[in-house]
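Coordinate analysis (summary)
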Amino acid sequence: MAGAFWCVVEDDRQGLPKKVMSEVIGEASRLSGGQTEAVWITDKASEAGLKQLGEWGATKVWLLENAAFAPYRGEVWVPVLAELVAKESPRAIFGPVTSRQREMIPRLAAKLGVGLSADSVAFAMEGDTLVATRPVYAGKLLSKVGWAKTPWIATLRPNVFRPADVQEGKTAQVERPSVTIPPAAMKFAERREEVSTGLPELTEAETVISGGRGMKGPENYVILEELGRVIGAAVGASRAAVDAGWRPHRFQIGQTGRTISPKLYLGFGVSGAIQHLAGMRTSKVIVAINKDPEAPIFKIADYGIVGDLFEVVPELTKEFKKLLEK
Ligand SMILES: Cc1cc2nc3c(=O)[nH]c(=O)nc-3n(C[C@H](O)[C@H](O)[C@H](O)COP(=O)(O)OP(=O)(O)OC[C@H]3O[C@@H](n4cnc5c(N)ncnc54)[C@H](O)[C@@H]3O)c2cc1C
């Protein structure tokens, strides 16, 4: 069946695609048999970014680079993308679930009058047609959906799909199509950057520390952040901690929070409820620290410490400091 799989690039606003694009391009390549192209709408691309997209497997990059594309506004991006779709007829359009794309991709589907599988967690080609799996009813059920017509449009949940194998030196052909850029309906007023904790971002980090109800209060997260700074880890939380108002919702790991798949997950005072595991069980190495030897998290942990986290965390921080300063 003709037509490429398009991957709409999410970048770091500094000219580099985000790590999640490796998962989107990887999955699109597996499904399309290598007919994968990236569409990059940005005010600032970079050679390094284009190289990265090629090495992840994009054969072509449709580069739409213009100052008018920043900051993101759906009413500017969607018609531009729709115009390109009308000209090039891709078979599928994939984007990661990010705050921009979870807004833009459904608007694109509505404009094109085609279906959307939002927050997809799996795909399969059944004959000549794509079938997507997505959670429904807050993750209690998984539903399989198909499309009545192309392009098949979907958003992909981060940290679920296997990243692309890096093909060093492979380059993508870069096309700069001319498109009509509509005027923005919204005026940009002010951008406020969040005060950075200096720690990596939760869904991008290779090491994640999670604090649960066992942390006893918001003031105690400083000990996890200190450990995080020593080992270069992001600090997340369970829903119990978020519901108690100890951490903002964007730090929640689990079924109704973020899905993470770091190389190392360290859970402190987290019992290991099924909904928490749903967001971290694919972590490569799981370490649990809990004072209750019967806590369910020990069933999936590779390593465990039965003990009081308020004694264990400072000890670990001290030992890691010694080790890493050597
Ligand atoms: C529809 C639905 C969606 C949900 N989504 C999510 C989700 O996205 N993410 C999520 O996390 N949960 C989610 N939950 C909630 C989930 O069921 C659990 O209630 C929650 O994960 C429990 O958080 P916790 O492990 O921090 O708390 P608890 O289950 O109360 O566990 C606290 C643990 O800390 C240990 N502890 C206490 N003090 C110490 C100490 N000093 N040292 C060491 N250990 C100590 C205790 O032994 C205990 O095991 C969801 C629930 C529902 C119904």
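Everything here concerns the structure above.
Residues numbered from 1 in each chain as written. Predicted model: local features only at pLDDT ≥ 70, side-chain atom pairs only at ≥ 80, totals over all residues. Heavy atoms only, no water.

What about the overall build of the protein?
- Secondary structure assignment for the protein yields nine helices and 15 strands.
- The principal-axis extents of the C-alpha atoms in the protein amount to approximately 60 × 40 × 40 Å.
- Counting across all 326 residues of the protein, residues that qualify as buried make up 49%.
- Once local pairs closer than 6 in sequence are excluded, the contacts in the protein between residues at least 24 apart make up 66%.
- Counting every atom, the protein has about 15,900 Å² of accessible surface; 53% of that belongs to carbon and sulfur.
- Side-chain charges in the protein split into 41 positive and 38 negative, and the spacing between the mean points of these groups amounts to 3 Å. (Helix = DSSP H or I, 4+ residues; strand = E, 2+ residues; numbered from the N terminus. Buried < 20%, exposed > 50% of the residue type's maximum accessible area, 1.4 Å probe, protein only. Contact = heavy atoms within 4.5 Å. Areas by Shrake-Rupley, 256 points an atom, 1.4 Å probe, with all protein chains shown as cover. Lys, Arg positive; Asp, Glu negative; His and termini not counted. Charge placed at Lys NZ, Arg CZ, Asp CG, Glu CD.)

Comments concerning the site of the ligand
- In the vicinity of the ligand there are 26 residues, among which R213, S238, T256, S271 and N290 approach most closely.
- Here a nitrogen atom of the ligand and a backbone polar atom of I253 are 2.8 Å apart.
- Within the backbone of L309, an N or O atom sits 2.9 Å from a nitrogen atom of the ligand.
- For the ligand, the protein covers 79% of the area, taking 990 Å² as the surface of the free molecule.
- For the shell around the ligand, the secondary-structure elements that each account for two or more residues are α6 (239-243), α7 (274-277) and α9 (309-325).
- Class assignment for the residues of the shell around the ligand results in six nonpolar, 14 polar and six charged. (Near = heavy atom within 4 Å. Polar contact = N/O pair within 3.5 Å; in protein donor to acceptor, adjacent residues only side chain to side chain. Nonpolar A, V, L, I, M, F, W, Y, C, P; charged D, E, K, R; others polar.)

Some remarks on the sheet that holds strand β9 (residues 152-156)
- Here seven strands make up an open sheet; going across it, the order is β5-β9-β4-β1-β2-β3-β10 and the pairing parallel. Edge positions in the sheet fall to β5 (116-120) and β10 (173-175), since each of these pairs with one other strand and no more. Each adjacent strand pair in this sheet contributes to an overall mean axis angle of 20°, direction not counted.
- The sheet contact formed by strand β1 (residues 5-8) and strand β4 (residues 92-96) spans three bridges and is parallel. (Pairing = 2+ DSSP bridges. Axes fitted to C-alpha atoms, helices over the stretch in contact; angles between N-to-C directions.)

Quick notes on the pairing of strand β7 (residues 129-136)
- Both strand β6 (residues 122-126) and β7 contribute to a ladder of five bridges, which runs antiparallel. Within β7, the residue paired with M125 across the bridge is L130.
- A loop of two residues connects β6 with β7, the two strands running antiparallel in sequence, and G127 in this loop sits at a positive phi of about 65°.
- Bridge count for β7 against strand β8 (residues 141-145) is five bridges, and the pairing is antiparallel. Looking across to β8, one finds that A132 is bridged to V145.

Considering the sheet that holds β6
- The strand order across the open sheet formed by three strands is β6-β7-β8, and the pairing between neighbours is antiparallel. One side of each edge strand has no neighbouring strand; the edge strands of this open sheet are β6 and β8. When strand polarity is set aside, the average angle formed by the axes of neighbouring strands in this sheet is 25°.

A closer look at helix α5 (residues 221-231)
- Those residues of α5 lying buried are Y221, L224, E225, L227, G228 and I231. On an axial view of α5, the arc spanned by its buried residues comes to 160°, and they lie on one face.
- Packed against the buried residues of α5 are β11 (207-211), β12 (234-237), α6, β13 (264-268) and α9.
- At the exit of α5 stands G232, carrying a positive phi of roughly 70°. (Arc of directions from axis to C-beta.)

Let's talk about the packing of α5 against α9
- Packing of α5 against α9 brings their axes to within 9 Å, and their N-to-C directions diverge by 20°. Classified by the angle their axes make, α5 and α9 are roughly parallel. Between α5 and α9 the crossing geometry is left-handed. Residue-level contacts link I223, L224, E226, L227, V230 and I231 of α5 to L309, F310, V313, L316, T317, F320, K321 and L324 of α9.
- When grouped by side-chain class, the residues that make up the contact of α5 with α9 number 11 nonpolar, one polar and two charged. (Parallel < 35°, antiparallel > 145°, perpendicular 65-115°, else oblique. Left-handed = near helix turned anticlockwise from the far one by under 90°.)

Quick notes on helix α4 (residues 101-112)
- Here α4 is 12 residues long and its end C-alpha atoms lie 16 Å apart, about the 16 Å a rise of 1.5 Å per residue gives.
- What α4 keeps buried is the set Q101, M104, I105, L108 and A109. Down the axis of α4, the smallest arc covering the buried residues is 135°, so these residues share one side. Turned more than 90 degrees from where α4 packs its buried face, R102, A110 and K111 sit exposed.
- For α4, the elements touching its buried residues are β1, α3 (74-88), β4, β5 and β9. (Expected span 1.5 Å × (residues − 1).)

In short, geometric facts, not functional conclusions.
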